[in-house]
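Here's the letter readout for the chains.
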Amino acid sequence: MWFLKKSKLALEEQLQTLRDCGFVAHPGITIEDFLESGERKQYEDNPFQTLFGVLGGEVQREPYPRFSDCFHLIDLECIYADGDYCTIALDLARLSRGDIHLSNLVDKVDCDSEQAWITFDCKLNGLIEHVRYDFAFNNDFMDRAILTGFSDLLARTGSKKRYFEQPTLGQDVLIICAERESVVQFEKMTKIKFLQIK
């Protein structure tokens, strides 16, 4: 793949590039935290590619905080029981950084009847709206309808942000939430393309 041919780039320089585009790690996250999740050589031989995956996950120390609210990595094979779609919904709301507010979340994952759904309340234009999504059942795999549903919700809030995904990670999906102008700058500086989720 093309990114394997990229020149090496110091981990610190990669993080600075992301900061310049407005994508930051949480305060208190250190270089040592990144090196607990991957070797420096991995980060620097594959600039940004390894870093993105780590930024989308959790720090490997108690209390296991997330690296950032700007990135989220989802393994599509993640639907096993009640609560799993609620977890995804809360993570997508977290990525919006205040633009999507959820409450009263309830979901159901019934493997016997092959049914899955989620309901929640969402504040849209000053009013509380009750939302329900029914999902296609595909063993343990997440229905991407939750991504398109939240993309629509985000647009309806009036936010200029949109959800984007990196499409080259196989079973994993790396999601960011930002204004289009920031993503364009981000793509130019990292040479990695993101697609808007619609």
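For the structure, see preceding data.
Because the structure is a prediction, the values reported are computed rather than measured. (Residues numbered from 1 in each chain as written. Predicted model: local features only at pLDDT ≥ 70, side-chain atom pairs only at ≥ 80, totals over all residues. Heavy atoms only, no water.)

Draft legend 1. Structural detail: unusual backbone geometry. Put simply, Glu-62 and Pro-63 share a cis peptide bond, and its omega is 5°. In this fold, Pro-63 is placed in the loop between helix H4 (49-55) and strand S1 (71-75). For Phe-48, which is not a glycine, the phi torsion comes out positive at approximately 75°. Looking at Phe-48, the relative accessible area reads 3%, which means it is buried. A positive phi angle, close to 65°, is found at Lys-191, a residue other than glycine. (Helix = DSSP H or I, 4+ residues; strand = E, 2+ residues; numbered from the N terminus. Buried < 20%, exposed > 50% of the residue type's maximum accessible area, 1.4 Å probe, protein only.)

Draft legend 2. The arrangement of the sheet that holds strand S4 (residues 127-135) in detail. Across the sheet, 3 strands lie side by side as S2-S3-S4; this open sheet has antiparallel pairing. The sheet is open, and its two borders are formed by strand S2 (102-110) and S4, each paired with just one other strand. When the angles between neighbouring strand axes are averaged without regard to direction, this sheet yields 10°. Strand direction decides the pairing type here: S2 and strand S3 (residues 115-124), joined by 7 bridges, are antiparallel. Bridging across to S3, Ser-103 finds its partner in Asp-121. Each of S2, S3 and S4 is contacted by helix H5 (residues 84-95), which is oriented at about 145° to S2, the strand it contacts most. Strand contacts of helix H6 (residues 145-156): S2, S3 and S4, with the helix running at about 160° to S4, the strand carrying the most contacts. (Pairing = 2+ DSSP bridges. Axes fitted to C-alpha atoms, helices over the stretch in contact; angles between N-to-C directions. Contact = heavy atoms within 4.5 Å.)

Draft legend 3. Expanded view of helix H1 (residues 11-20). If you check which residues of H1 are buried, you get Leu-11, Gln-14, Leu-15, Thr-17 and Leu-18. Down the axis, H1 shows its buried residues gathered within 155° of arc, on one side only. Next to the buried residues of H1 lie helix H2 (31-37), helix H3 (40-45), H4, S1 and helix H7 (180-190). Once H1 ends, the next one or two residues include Gly-22, with phi positive near 90°. (Arc of directions from axis to C-beta.)

Draft legend 4. A look at the layout of surface pockets. A volume near 170 Å³ is recorded for the largest pocket. Taken together, 14 residues line the largest pocket, and the ones lying closest to its centre are Leu-15, Arg-19, Ala-25, Ile-29 and Phe-34. Counting only elements with at least two residues in the lining of the largest pocket, the list comes to H1 and H2. Looking at the lining of the largest pocket, the element that brings in the most residues is H1, giving 4 residues. In terms of residue class, the lining of the largest pocket is built from 10 nonpolar, 2 polar and 2 charged. (1 Å grid on protein atoms, 1.4 Å probe; cavity = no way out; pocket = protein on both sides within 12 Å on 5 of 7 lines; lining within 4 Å. Points joined across faces, edges and corners; volume = space filled by probe spheres on them. Nonpolar A, V, L, I, M, F, W, Y, C, P; charged D, E, K, R; others polar.)

Draft legend 5. Geometry of H6. With 12 residues, H6 should cover 16 Å at 1.5 Å per step; its first-to-last C-alpha distance of 16 Å lies within 8% of that length. Those residues of H6 that are buried lie in contact with H5, S2, S3, S4, strand S5 (161-166) and strand S6 (172-179). (Expected span 1.5 Å × (residues − 1).)

Draft legend 6. How the structure looks around the nonpolar core. By size, the foremost hydrophobic cluster in this structure holds 32 residues, and its most contacted members are Tyr-85, Ile-146, Phe-150 and Tyr-163. Beyond its immediate stretch of four places on either side in the chain, Phe-150 contacts Ala-89, Leu-92, Ala-93, Ile-100, Leu-102, Phe-120, Tyr-133 and Tyr-163. Of all hydrophobic cores here, the second largest spans 25 residues; its members include Val-54, Phe-71, Leu-174 and Ile-176. (Core = buried A, V, L, I, M, F, W, Y, C linked by side-chain atoms within 4.5 Å.)

Draft legend 7. Expanded view of the environment of Ala-81. Turning to its location among the elements, Ala-81 is positioned in the loop between S1 and H5. With a relative accessible area of 36%, Ala-81 lands in the partly exposed category.

Draft legend 8. Spatial organisation of the packing of aromatic side chains. Under the definition given, this model contains 15 aromatic pairs. Both rings, one in Phe-52 and one in Phe-71, keep their centres 5.6 Å apart while their planes meet at 25°; by these two values the pair is stacked. On the criterion of sequence distance, the pair formed by Phe-52 in helix H4 and Phe-71 in strand S1 is long-range, its members being 19 residues apart. On the accessibility criterion, Phe-52 (0% relative accessible area) is buried. For Phe-71, a relative accessible area of 1% gives the class buried. Ring geometry for Tyr-85 versus Phe-135: centroids 4.0 Å apart, planes at 15°, classification stacked. Of this pair, Tyr-85 sits in helix H5 while Phe-135 sits in strand S4; the two residues are 50 residues apart in sequence, bridging distant segments of the chain. Classification of Tyr-85 as buried rests on a relative accessible area of 1%. Among the aromatic residues, those joined into a cluster by ring pairs are Phe-23, Phe-48, Phe-52, Phe-71, Phe-186 and Phe-194. When the ring centre of Trp-117 is taken as origin, the NZ or CZ atom of Arg-132, which lies over that ring, is 4.6 Å away. (Phe/Tyr/Trp six-rings, centres within 6.5 Å; stacked < 30°, edge-to-face > 60°. Lys NZ or Arg CZ within 6 Å of the ring centre and 35° of its normal.)

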